[in-house]
Amino acid sequence: MTAQPEHHDAVPPMRTLAELRAALRVWGFPEDLAHFERELSEADLDDLGKVREITQAYRHRVMLRCDPQAMAALTRSTEDVAFELGQKMAAKEKKAQ
């Protein structure tokens, strides 16, 4: 298992495929780089829309890792989220009465 990077306010450069690959090596979730390479190799490179969709998805994953609030949200337990939703629904229901 690789060491996890510390969170920073700055997002690494990802303007090229080489920069995106480098960012995935450091900031990606486990197996992100391998999945990115597989998806890219399976895509028709003449289909620029598909290539763009793949690169944007993996750029977004790196951006999530660089955002402490996003990472905190991703690590919340199901029970915690369900409790919060229950509280919000109860408050909305009470307000509607």
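Caption draft 1: Spotlight on the overall build of the protein chain. Helices and strands together make up the secondary structure of the protein chain, namely 5 helices and 0 strands. Of the regular secondary structure in the protein chain, the N- to C-terminal order runs α-α-α-α-α. Expressed as a percentage of the 97 residues in the protein chain, the buried residues total 23%. Long-range contacts, defined as pairs at least 24 residues apart, comprise 46% of the intrachain contacts of the protein chain with a sequence gap of at least 6. By element, 56% of the accessible surface of the protein chain is carried by carbon and sulfur atoms, the whole surface being about 7,500 Å².

Caption draft 2: Summary view of the packing of aromatic side chains. Scanning the entire structure with this criterion turns up 1 aromatic pair. Taken together, a centroid distance of 5.3 Å and an interplanar angle of 65° make the contact between Phe36 and Tyr58 edge-to-face. Taken together, the positions of Phe36 in helix α2 (residues 32-42) and Tyr58 in helix α3 (residues 48-65) put the pair 22 residues apart, joining distant regions of the chain. Taken individually, Phe36 and Tyr58 each receive the classification buried, so the pair is uniform in this respect.

Caption draft 3: Structural view of the packing of helix α1 (residues 17-27) against α3. Where α1 contacts α3, the two axes come as close as 10 Å, and the packing angle between them is 40°. Between α1 and α3, the angle falls in the class oblique. Like other packed secondary-structure pairs, α1 and α3 cross with a definite hand, here left-handed. Two secondary-structure elements touch here, α1 through Leu17, Leu20, Ala23, Leu24 and Trp27 and α3 through Thr55, Tyr58, Arg59, Val62 and Arg65. Grouping the constituent residues of the contact of α1 with α3 by class yields 7 nonpolar, 1 polar and 2 charged.

Caption draft 4: Examining the pattern of salt bridges more closely. All chains considered together, the criterion is met by 7 salt bridges. A salt bridge links Arg61 to Asp32, with the nearest nitrogen and oxygen atoms 3.0 Å apart. Of this pair, Arg61 sits in helix α3 while Asp32 sits in helix α2, placing them 29 residues apart in sequence. When the shortest N-O distance is used, the salt bridge between Arg76 and Glu84 registers 2.5 Å. On the basis of relative accessibility, which here comes to 29%, the residue Glu84 falls in the partly exposed class.

Caption draft 5: Molecular detail of unusual backbone geometry. Of note in the backbone geometry, Glu31 takes a positive phi value of approximately 75° without being a glycine. By relative accessible area, which is 53% here, Glu31 ends up exposed.

Caption draft 6: Up close: the nonpolar core. Counting residues in hydrophobic clusters, the biggest one holds 13 residues, and the most contacted among them are Met14, Leu20, Leu24, Phe36, Ile54, Tyr58 and Val62. If you list the elements that add at least two residues to this core, you get α1, α2 and α3.

Procedures and definitions
Residues numbered from 1 in each chain as written. Predicted model: local features only at pLDDT ≥ 70, side-chain atom pairs only at ≥ 80, totals over all residues. Heavy atoms only, no water. Helix = DSSP H or I, 4+ residues; strand = E, 2+ residues; numbered from the N terminus. Buried < 20%, exposed > 50% of the residue type's maximum accessible area, 1.4 Å probe, protein only. Contact = heavy atoms within 4.5 Å. Areas by Shrake-Rupley, 256 points an atom, 1.4 Å probe, with all protein chains shown as cover. Phe/Tyr/Trp six-rings, centres within 6.5 Å; stacked < 30°, edge-to-face > 60°. Axes fitted to C-alpha atoms, helices over the stretch in contact; angles between N-to-C directions. Parallel < 35°, antiparallel > 145°, perpendicular 65-115°, else oblique. Left-handed = near helix turned anticlockwise from the far one by under 90°. Nonpolar A, V, L, I, M, F, W, Y, C, P; charged D, E, K, R; others polar. Salt bridge = Lys/Arg side-chain N within 4 Å of Asp/Glu carboxyl O. Core = buried A, V, L, I, M, F, W, Y, C linked by side-chain atoms within 4.5 Å.

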